Amino acid sequence: MRVVHLFIVVVFFTLIPGAPARAQNAPLLERWLGIGAHQKPAPPLASPQGLQDHASNGKLVLSLDDTIRLALANNTDIRLDHSQIDFAQNNLGRAHSPFDPVATSSFADTRAKSLTTSTLQGASILSALTQTTQLGYKQTFLTGTNFQTAFNANKFSTNSSFNTVNPALATAVQFTVSQPLLRNFGLFPNRAPMLIAQRNLKQARANFRAQVNNVILGIIGDYWSVVLARENLSVQQKSLDEAQKSYDHDKKALSLGALPPLDIYRSESQVASRRVGLIQAEYSLKQAADQFRRDIGADLDPAIRVLDLELTDQPAPLGNLPTTDVAAALSRALTNRPEFEAVRQQLASDELSIRLAHNNLKPDLELSGFYSGNGLNNSPAGLDIGLSGSLDQTLHFTYPTYGAALSLNLPVRRHSAQANLADALVGRRQDQYQERRTTQSITLEVTNAVHSLEEAKLTMEAARVAVDLARESLHADERKYELGAEPVFFVLDAQTQLAQAELNLIQAQINFQIAVAQVDHATGDLLEQHHVEIVEPTR
């Protein structure tokens, strides 16, 4: 006892002064309590795949199709969106849980001694030993039928002189079957949760496909944003070079006395202004490239992050320009868009929920029956036949017990079930409106995408003509300036007009490429156009 008291005192004086410190140092307290001592850390996430295959000469060389495939493999948003399918598959497995068989077993050993108060108890100090073994099995089937079987073996021994069978070995086996006759009767109410889980899984897959379409459309936009920033930088550099050439020409003319001193400032200011535009273009390219690297997971690998981007697809379209009309695009959208499949699956789940809610309004009428056999290590002749004899009596149902019961549970009011039915009806109506809103949204998206494509084609043709005219105008002004027919102002202005026209053409070409992708997205053909197929692995 002195050792125990000493241990308590040591623990008390150790813990009390350190309480504030432990409050400020939770990991130390967790280690002291053993929390987390045996926890395994989560497995690390997979590193980006496929990026090294596109690294060449210090650059990351990518086409648009390469970008989409790398995004499907490495994009974080796509990985997060896919988790909804995993959850839906887990819920489908969980929906089968009410029909999982359950086996149970137990053993109990009890020993008791007590003083007696009467000679009728058979001993002055009564001693008893009770040992009980139980085995059970139960399962519910899709019809609502519940089956249970239970086996019990009980050994009881005592020193009481009045017990004629000592020790007593009693065994029993019982089979019980119950069947709902109204509520939860038949296959539908018992399979409905599984059917709803299956619909939810299909809906999750459709939602995932829609989200992938959205992510890929954004990645295509980011790809062309990098191309646009790159071409903008090239145009700004070219414009700066032209301004620098004009400035050098003016300085030479000034040194020869052919130019008034005040006229040199105009060309010099143009050089400074265009250098500002070049700096802005450089950082716009860096920002677009950083966003693009995030899309394909290149920002996660330090060795890949520092590589320059070389995007090989050119903004100028090749071959015949695609054409489409609103009616054909709408027809394809109604067939291909995964959003419609998601809404259809949700409406199908609503119908199942309504039927299930009607089932829960029915009275609970149940028919059950049981049949059991009992045995004891005693014979009609009073002989101890042991455990084997008791089991023989039990399994041959020498002394059977059987019965049946019909029970009816009829609630007077059913507020909860009625509210659940009302919720199911409201949910169906809400999803019907959701279907209408989805149709309206996709119709508007298809219409806008087709119109944007038409506008992009016309704008691109007009921008190409504008570049040719601006280039000819610059050549004419340069010739006049060299001949002394006009001041340098017109040359500088023509250079600015040409640079702006070239930017407009590049922007129009990029807009056309994005408009094509938007039409494919609106009609549900985006992944097919890029030869991508989403296949779920079997589990």
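Above this text you will find the structure in question.
A.B. asks: Quick rundown of the nonpolar core? Include the residues and the values.
C.D. replies: Counting residues in hydrophobic clusters, the biggest one holds 46 residues, and the most contacted among them are L60, I216, I220, F292 and I296. Among the elements of the structure, β2 (59–62), α4 (64–74), α5 (76–95), α6 (187–255), α7 (264–296), β7 (308–311), α13 (488–523) and α14 (526–529) are those that each provide at least two residues to this core. F340, V450, V491 and V519 belong to the second largest nonpolar core, which has 27 residues in total.

A.B. asks: Go over the pairing of strand β8 (residues 364–376), please, and point to the residues and values.
C.D. replies: Both strand β6 (residues 168–180) and β8 contribute to a ladder of 11 bridges, which runs antiparallel. Directly across from V177, in β8, lies its bridge partner G369.

A.B. asks: Give a description of the pairing of strand β5 (residues 146–158) that names residues and reports values.
C.D. replies: Bridging between strand β4 (residues 125–140) and β5 involves 13 bridges; their strand directions are antiparallel. Counterpart to T133 in the pairing with β5 is A153. Linkage of β4 to β5, two consecutive antiparallel strands, is achieved through a turn of five residues, within which G144 is found at a positive phi near 90°. Inspection of the sheet shows β5 paired to β6 by 11 bridges, in the antiparallel sense. Within the sheet, the bridge partner assigned to N152 lies in β6 and is A172.

A.B. asks: Any chance you could break down the pattern of salt bridges for me, citing the residues and the numbers?
C.D. replies: Scanning the model with the defined rule gives 15 salt bridges in all. Across the pair R428 and E351 runs a salt bridge, and its minimum N-O distance is 3.2 Å. Placement of the pair is R428 in helix α12 (residues 415–483) and E351 in helix α10 (residues 338–360), with a sequence separation of 77 residues. Beyond isolated ion pairs, a larger network of salt bridges with shared partners links K238, D468, R471 and E502.

A.B. asks: Provide a residue-level description of the side chain of D520, including the pertinent values.
C.D. replies: Looking at the secondary structure, you find D520 in helix α13. Despite being buried, D520 has no salt bridge partner; R332 is the closest side chain of opposite charge, sitting 7.5 Å away. The residues contacting D520, other than those within four sequence positions of it, are D525, L526 and Q529.

A.B. asks: Give me the sheet that holds β4: which residues, what numbers.
C.D. replies: To summarise the sheet geometry, strands pair through backbone hydrogen bonds and adopt either a parallel or an antiparallel arrangement. Sheet architecture is open: six strands sit in the order β3-β4-β5-β6-β8-β9, paired in antiparallel fashion. Each edge of the sheet is formed by a strand with only one pairing partner; in this case those strands are β3 (102–115) and β9 (399–409). For this sheet the average axis-to-axis angle between neighbouring strands, irrespective of direction, equals 15°. Packed on one face of the sheet, helix α11 (residues 386–395) meets β5, β6, β8 and β9 and runs near 25° to β6.

What counts, and at which threshold
- Residues numbered from 1 in each chain as written.
- Predicted model: local features only at pLDDT ≥ 70, side-chain atom pairs only at ≥ 80, totals over all residues.
- Heavy atoms only, no water.
- Core = buried A, V, L, I, M, F, W, Y, C linked by side-chain atoms within 4.5 Å.
- Buried < 20%, exposed > 50% of the residue type's maximum accessible area, 1.4 Å probe, protein only.
- Helix = DSSP H or I, 4+ residues; strand = E, 2+ residues; numbered from the N terminus.
- Pairing = 2+ DSSP bridges.
- Salt bridge = Lys/Arg side-chain N within 4 Å of Asp/Glu carboxyl O.
- Lys, Arg positive; Asp, Glu negative; His and termini not counted.
- Contact = heavy atoms within 4.5 Å.
- Axes fitted to C-alpha atoms, helices over the stretch in contact; angles between N-to-C directions.

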